[in-house]
Amino acid sequence: MDMPLPDQRILNARDGLIARLRGVLPADAVIADPAETRAYECDALAAYRCAPLAVVLPRTTAEVSAVLRLCSQMGVKVVPRGAGTSLAGGSFPTADCVVLGVARMNAVIETDYDNRFIRVQTGRTNLAVTGAVEADGWFYAPDPSSQLACAIAGNIAMNSGGAHCLKYGVTTNNLLGVTIVLMSGEVVEIGGPWSDAPGLDLLGVICGSEGQLGIVTEAYLRILPKPEGARPVLMGFAANEVAGACVADIIRAGLLPVAIEFMDRPCIRACEDFAKAGYPDCEALLIVEVEGSPAEIDAQLARIKDIALRHNPVAYRESGSEEESRKIWLGRKSAFGAMGNIADYMCLDGTIPVSELPYVLRRIAEMSAAVGLSVANVFHAGDGNMHPLILYNANKPGDLELCEALGADILKLCVEVGGCLTGEHGVGVEKRDLMPVQFNPADLEAQLRVKDVFDPDWLLNPAKVFPLDVTASRRAS
Amino acid sequence: MTPLVLQPQSEAELGEMIRAAEGPVSLRGGGTRGVAYGPGTVLETAGLSGISLYEPGALTLVAGAGTPLAEVEAVLSAQNQRLAFEAPDLRRALQRHGVSTLGGVVATNASGPRRVQAGAARDHLIGVRFVDGMGTVVKSGGRVMKNVTGLDLVKLMAGSHGTLGVITQVAFKLQAVPECAVTLQTQVPLSAGLALLRRALGSPFEVSGAAYGPFGAALRVEGMEASVRYRVASLKALLGGDWVETAGDALWVGVRDAQGLNDGALWRVSCKPTAAEGVVAALAGVAHQAIFDWGGGLIWIAVQGLGDAGAALIRGAVAGVGHATLMRGTGAAAFAPEAAGVAALSRALRAQFDPKGILNAGIMG
């Protein structure tokens, strides 16, 4: 993967820049020692590393504004960072950039149950948002797998989803307003604790903009009353096609489970070896979770069971207790860990129309066999968001390249059948060069024009999302 | 002289018309719900009509922007599915005629009472194609449920009132029609009624409508029959008082369409639910009628007898807690003035997408 050559003028101005950053921030908020900046050399896309020029960890919106104004004046690029959990390299630095981390901005500013919102600083972790309200019976719905660690800032930047977004939507459906600092240093308030924008939906385009339009420092989030209970059911099938048909029938029937998760045989085996969750040995496994009162859950599961039995499941196991629920989710939740235990892996994130599920799974099996790499599939089946995990050996020369090429081919397949490159992880640097597969030049140009408005000098996270040749003239000017 | 009406029959033809346009172009789906018409040559999208993809098993529909909403609703209804956001029919309220189209629904980010549970048009729109002010065709999103590939121009187009481009095709995710719906009603004074609505919305019993009007306080519960029964009983126990159960959706259609607010200026106020009472209190002594939706988060207000349509009173009361749009009437700007930073960004976006400044010019301020 290519990154632009660092700007020698900026590298030469390093000492002056750091002195000026120290002039606008408290001493402990500027990190310049190479031994310490190394901690910021990558995010969760750990295959690529590059230490930044400096790291700043501001505590207030005013401090973020001061840093951006300064960097803007000096022509220094800024890479925003939430908790550094991006799988797409969204906060991957360049040698000539300042990384701006919001981790120290983690306060709850206001909680209002009557109006159903919480206002937080965006360095707060996803789970800590729910943590602030759950004792009173509320929760924040989007639940990315990394929710223990990931920050709301990154959730907003990537428009993060999660297993339960089938019912509750993704970040953009649960975001009411933001305080955003533009690269110029200007602070803009957008939206608020009401339902819609008076003018253009700027909030909608900021959410998912991968830190390229501004740095969101505070957010109004929709919170929801916690359901009375939840219960999963596990079902095994003799073929991926059958499991796929069962998913379509559940959706068609108008049932609205909060989650429908799918695992294929390689994934089931790896998870079983790793977590001993007691999964059946079969080709495909579904975990379906429903919510409500005990009686409501019974009624929904009865309906789901009727549908499942029509597809001759080889296993059907309803949770009868908290312990059984935990065990059903255990394997699924340890899927990435289980894979990491047997090999290095690359996690893809394409979305496909759910009707294409059987075809795409079959093609992935053929494509992976042809290059000699294993692929395990675990994903959110209800909305077609796939997570093929390609296993490779990082110590074997050429294996990473082989894996990346297979990954690119699988994502192209997703687009070919009517889907997209990324459903919830974002483009970052990882899928940047595949964008022309999904978008033609006019589509991309329209997106670049939006960035031109928010960041005319292209200093904010500039080498991401779009192919470098497409943005070259803008980044150079 | 009757102005020439442009009626493109294809996206390509529309692109040519916009490229060739030398003056302002006034966009129309069916002309049934826009707050205002832009100046210039009328361009109608009715020719860009037809459902190109409908997969009930994937809850997905793709159709031309000129497709009548009623046609789509009929097709979905036959499969027991629907657009969950309940686009209002504002023809009576806005004194319009014509046929509502999907493009207009998107361009105004339409939504109804179910917004408290399911969101607005923007939350169900998964893909869009449009022709920008230079005549270039652009697409964003697609036909899948989850998609974060590139900037979300889908959201930007929703509610842009035709000022960024002419929408040519839209893709929606759909919802299955639940087997049962029950409405609960009780006659209580405004303040107590709004408090009941907020309490219900703060309960785990999944209310899909929470309104107050001449009918009193009303709640809607939808879902599987056993579940609806349980939640209705739970809500009654939680809220106390005397609640009457009714079936049918007439009350919600009335709330959705602002029915009965036919005299004077008509405002649509979006605000913090707890601020709703204060907004209407600002009109003390002025003849007015109001319907509260979204637990107070939306207020439709008809105001009679004020030269500025009540703008000073309403916009003064809602400052800092929401905003007010003048849907019908004169004497004030339709859209609330925006803060300087937001206005500058919006202006710059319009200049990027419509550098000639010809698309529904000036209607959003």
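Residues numbered from 1 in each chain as written. Chains lettered and ligands numbered in written order. Predicted model: local features only at pLDDT ≥ 70, side-chain atom pairs only at ≥ 80, totals over all residues.

## Digging into the domain arrangement of chain A
Residues and elements named next belong to chain A.
- Split into domains, chain A comes out as domain 1 (8–103 + 452–476), domain 2 (108–225), domain 3 (230–336) and domain 4 (343–416).
- For domain 1 versus domain 2, the distance between C-alpha centres works out to 23 Å.
- Counting from both sides, the interface comprises 24 residues of domain 1 and, opposite them, 26 residues of domain 2.
- In terms of residue count, the dominant contributor to the side of domain 1 that touches domain 2 is helix α4 (residues 61–74) (seven residues).
- Taken together, the residues that form the side of domain 1 that touches domain 2 break down as 12 nonpolar, eight polar and four charged. (Domains from an automatic or database assignment. Contact = placed C-beta atoms within 7 Å. Helix = DSSP H or I, 4+ residues; strand = E, 2+ residues; numbered from the N terminus. Nonpolar A, V, L, I, M, F, W, Y, C, P; charged D, E, K, R; others polar.)

## So, the packing of helix α11 (residues 294–309) of chain A against helix α9 (residues 225–239) of chain B
- Contact geometry for α11 of chain A and α9 of chain B: axes closest at 9 Å, N-to-C directions at 170°. In this view, α11 of chain A runs roughly antiparallel relative to α9 of chain B, as classed from their interaxial angle. Contact residues: α11 of chain A offers Ala-295, Glu-296 and Ala-299 of chain A, while α9 of chain B offers Ala-226, Ser-227 and Tyr-230 of chain B.
- Its residues assigned to classes, the contact of α11 of chain A with α9 of chain B shows four nonpolar, one polar and one charged. (Axes fitted to C-alpha atoms, helices over the stretch in contact; angles between N-to-C directions. Parallel < 35°, antiparallel > 145°, perpendicular 65-115°, else oblique.)

## Brief notes about helix α12 (residues 322–333) of chain A
All names here are of chain A.
- With 12 residues, α12 should cover 16 Å at 1.5 Å per step; its first-to-last C-alpha distance of 16 Å lies within 8% of that length.
- Of the residues making up α12, those classed as buried are Ile-328, Gly-331 and Arg-332. Down the axis of α12, the smallest arc covering the buried residues is 115°, so these residues share one side. Exposed side chains of α12 directed beyond 90 degrees from the buried face belong to Glu-322 and Glu-323.
- Those residues of α12 hidden inside the fold are in contact with β12 (230–237), β13 (259–264), α10 (265–275), β14 (284–291), α13 (335–342) and β17 (375–380). (Expected span 1.5 Å × (residues − 1). Buried ≥ 20, exposed ≤ 12 C-beta atoms within 10 Å, placed from the backbone. Arc of directions from axis to C-beta.)

## Let's talk about the domain arrangement of chain B
Residue and element names in this part refer to chain B.
- As far as domains go, chain B holds domain 1 (5–176), domain 2 (180–256) and domain 3 (258–354).
- Taken over C-alpha atoms, the centre of domain 2 sits 26 Å from the centre of domain 3.
- Counting residues at the interface gives 12 residues for domain 2 and 10 residues for domain 3.
- Of all the elements in the fold, those that place two or more residues in the side of domain 2 that touches domain 3 are α8 (190–201), β12 (207–213) and α10 (250–256).
- Taken together, the residues that form the side of domain 2 that touches domain 3 break down as eight nonpolar, three polar and one charged.

## Some thoughts on unusual backbone geometry
- Residues other than glycine seldom take positive phi values, yet Glu-210 of chain A does so here, at roughly 55°.
- For Leu-59 of chain B, which is not a glycine, the phi torsion comes out positive at approximately 55°.
- Note on placement: Leu-59 of chain B falls in the loop between β4 (51–55) and β5 (60–64).
- Take Leu-59 of chain B: there are 22 C-beta atoms within 10 Å of it, and that puts it in the buried class.

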